[in-house]
Amino acid sequence: MFSLLARKPWYLLVLPLAVLLAVLGYRSGGLLLVQGDAGAAGAELADALGKRTPSLVVAPAAAQAPLEQGAGNAVAPGFPVDLRAAFESGQDLFRYSRQLQAAAEAGDAEAGWVVSRIYDYCGVYAMDPAGYALDSNTLARMGLSDVPGLTAAREQVSAGCAGFTAADALGRGKVLQQRRMAASSGNLAAEAALLSMGEPLKDDPAYRRELVERVLHSQDPEAFLAVSPAMGVAAAGDEAYTGLVAGDQFAQLAWQVAACQLGMACGPSSKLMISYCANGGICSRVPGQDFETFVFDAAVPQQGVKKMNQLVSSLRAPQGGKP
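Residues numbered from 1 in each chain as written. Predicted model: local features only at pLDDT ≥ 70, side-chain atom pairs only at ≥ 80, totals over all residues. Heavy atoms only, no water.

Colleague: Just checking my understanding: could you explain the overall build of the protein for this structure?
Modeller: Scanning the protein from terminus to terminus reveals 15 helices and two strands. Here the protein holds 323 residues, and 54% of them are scored as buried. Carbon and sulfur atoms provide 56% of the accessible area of the protein, an area that totals close to 13,000 Å². (Helix = DSSP H or I, 4+ residues; strand = E, 2+ residues; numbered from the N terminus. Buried < 20%, exposed > 50% of the residue type's maximum accessible area, 1.4 Å probe, protein only. Areas by Shrake-Rupley, 256 points an atom, 1.4 Å probe, with all protein chains shown as cover.)

And the structure:
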């Protein structure tokens, strides 16, 4: 198997799984939950990394890089025109989610989808904010040279998610509820996310294929990212996806890279990268590295780059979607 350690300038810190679990995984008997954007959508990236290293891969995040334009600002008063951009740039996500929830309950499908992304992003923090801060401090004191990047990413989550508590119950059930509401109101990304969570609106092959084809034709970057876990190994042997980019870890990664190329916020300080690092422990140690570059560095063997580019190109052709 191709070795990441042989590639320049990519280096990895292999933090023993037992150490990470001791710091992050268990608090009051509860196993660390990694879900949604940095969990389901990232499971196969982690798997691809894990196959090349003996334990969980942890390397510093993009905290050393400057924030993307607009990042670090509180969400402006009033109702933003671009709800997704406001999520990316905003820090007061607790207040923003309350603002959006009222619109979602009134039938605004896009508001409902963005609320679900906030719940995903803040879910681990909200389980125990004080414990999250304690874990971050523990990591900072461990003396490992690569930990500051992880700690900085966790600090960004803490800053953005301040206000949420365990009482908000930002677990799988609440995310599902929010996405069902958004999908029923017509949001395609939410509908795709339900498929990836194993909870499609309809569980029959014809619907599942039709949904993936709608995502493909939409060229909606967030719908691409949302459907990507369903297109990975979960799709292996499923005749509903015959002829589509589906069925292995590289298919999932191709959907994710295509999402970035279509305009998904995938930069070094994007919520996607921060969540991978802070909540999933999967971080780039290359300052300024975006998600697409990270994938090609960390999860795609050199001999597979051409094939990956072909898969991504096919996904970006609305009438295609075939490898």
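Colleague: Looking at this structure, I do not really get the confidence of the model for the protein. What am I missing?
Modeller: Regions with low pLDDT should not have their predicted coordinates read in detail. Considering every residue of the protein, the mean pLDDT works out to 78; 71% of them sit at 70 or more. For residues 1–42, every residue scores under 50 in pLDDT, and the model assigns this stretch 101 contacts once sequence neighbours within four places are set aside. Segment residues 49–77: pLDDT under 50, and 91 contacts once partners within four positions in sequence are set aside and those in other chains are kept. (pLDDT = per-residue confidence, 0-100. Contact = heavy atoms within 4.5 Å.)

Colleague: Any chance you could explain the side chain of Asn279 here in plain terms?
Modeller: Among the structural elements, Asn279 can be located in helix 13 (residues 271–280). Side-chain polar atoms of Asn279 contact the backbone oxygen of Tyr121, separated by 3.2 Å. (Polar contact = N/O pair within 3.5 Å; in protein donor to acceptor, adjacent residues only side chain to side chain.)

Colleague: Help me understand the nonpolar core in this model?
Modeller: General note: in soluble globular proteins, nonpolar side chains tend to be found buried as a group. Counting 85 residues, the largest nonpolar core has Tyr96, Ile118, Val215, Trp255 and Phe291 as its most contacted members. Counting residues per element, this core draws most heavily on helix 5 (residues 109–127), which supplies 11 residues. Discounting residues that sit within four places of it in the chain, Trp255 has contacts with Val212, Val215, Leu216, Phe224, Val227, Ser228, Met231, Val245 and Leu315. (Core = buried A, V, L, I, M, F, W, Y, C linked by side-chain atoms within 4.5 Å.)

Colleague: What is the right way to read the packing of aromatic side chains from this model?
Modeller: Within a pair of aromatic rings, the relevant descriptors are the distance that separates the centres and the angle that separates the planes. Inspection of every chain in the model, using the stated rule, returns six aromatic pairs. Centroid distance Phe94 to Phe164: 5.1 Å. Interplanar angle 85 degrees. Geometry classified as edge-to-face. Linking Phe94 in helix 4 (residues 93–105) with Phe164 in the loop between helix 7 (147–161) and helix 8 (172–184), this pair joins segments that are 70 residues apart in sequence. Classification of Phe94 as partly exposed rests on a relative accessible area of 25%. Ring centres 4.9 Å apart and planes at 55 degrees place the aromatic pair Phe224 and Trp255 in the tilted group. With Phe224 in helix 11 (residues 221–227) and Trp255 in helix 12 (residues 249–261), this pair connects stretches of sequence that are 31 residues apart. Taken individually, Phe224 and Trp255 each receive the classification buried, so the pair is uniform in this respect. Ring pairs connect the aromatic residues Phe94, Tyr119 and Phe164, which therefore count as one cluster. The positively charged end of Lys271 is found above the aromatic ring belonging to Phe87, 5.6 Å away from the centroid. (Phe/Tyr/Trp six-rings, centres within 6.5 Å; stacked < 30°, edge-to-face > 60°. Lys NZ or Arg CZ within 6 Å of the ring centre and 35° of its normal.)

Colleague: When you look at the environment of Ala169 in this model, what are you seeing that I'm missing?
Modeller: Along the chain, Ala169 turns up in the loop between helix 7 and helix 8. Taking the C-alpha atoms as reference points, Ala169 and Met127, 42 residues apart in sequence, are found 7.4 Å from one another.

Colleague: Help me understand unusual backbone geometry in this model?
Modeller: Across residues other than glycine, the phi torsion is negative in most instances, and most of the peptide bonds are trans. Its identity as a non-glycine residue notwithstanding, Ala169 has a phi of 50 degrees, on the positive side. Even without a glycine there, the phi angle at Gln219 is positive, about 55 degrees. Taking the relative accessible area as the measure of exposure, Gln219 reaches 16% and is therefore buried.

Colleague: Explain the state of the cysteines here, please?
Modeller: Here, the word disulfide means a covalent bond between the sulfur atoms of two cysteines. According to the stated counting rule, one finds three disulfides in the structure shown. Shown here is the disulfide that connects Cys122 with Cys161, its sulfur atoms set 2.1 Å apart. Residues Cys122 and Cys161 are joined by a disulfide whose S-S torsion is about -80 degrees; by sign, that bridge is left-handed. With a gap of 39 residues between them, Cys122 in helix 5 and Cys161 in helix 7 connect regions that are remote in the sequence. Here the two residues Cys122 and Cys161 agree in accessibility, since each one is buried. With a sulfur-sulfur separation of 2.0 Å, Cys277 is cross-linked through a disulfide to Cys283. Its S-S torsion of approximately 90 degrees makes the covalent link between Cys277 and Cys283 right-handed. Accessibility assignment for this pair places Cys277 and Cys283 in one class, buried. (Disulfide = S-S within 2.5 Å.)

Colleague: Mind showing me how you'd approach the pattern of salt bridges here?
Modeller: Where charged atoms from two side chains of opposite charge approach closely, those side chains can pair. One pass over the structure, following the stated rule, counts 15 salt bridges. Two residues, Arg84 and Asp220, come together in a salt bridge whose shortest N-O distance is 2.9 Å. Within this pair, whereas Arg84 is found in helix 3 (residues 83–89), its partner Asp220 is found in the loop between helix 10 (205–218) and helix 11, the two being separated by 136 residues in sequence. For the pair shown, Arg84 and Asp220 are each scored as buried. The closest approach of N and O atoms between Arg214 and Glu210, which form a salt bridge, is 2.6 Å. Remark: Glu210 and Arg214 occur in helix 10; sequence separation between them is four residues, near one turn of the helix. The class of Arg214 is partly exposed, set by a relative accessible area of 30%. (Salt bridge = Lys/Arg side-chain N within 4 Å of Asp/Glu carboxyl O.)

Colleague: When you look at helix 5 in this model, what are you seeing that I'm missing?
Modeller: Turn by turn, an α-helix covers 3.6 residues, leaving residues three or four places apart pointing in a common direction. The end-to-end C-alpha distance of helix 5, which contains 19 residues, comes to 26 Å, matching closely the 27 Å that a straight helix rising 1.5 Å per residue would cover. Residue Tyr121 marks the point of greatest curvature in helix 5, where the axis turns by about 45 degrees. Across the 19 residues that make up helix 5, a large majority, 17, are buried. Where helix 5 begins, the capping side chain belongs to Asp108, and its oxygen is found 3.1 Å from the backbone nitrogen of Glu110. (Expected span 1.5 Å × (residues − 1). Bend = angle between axes of the 7 residues up to and from the residue.)

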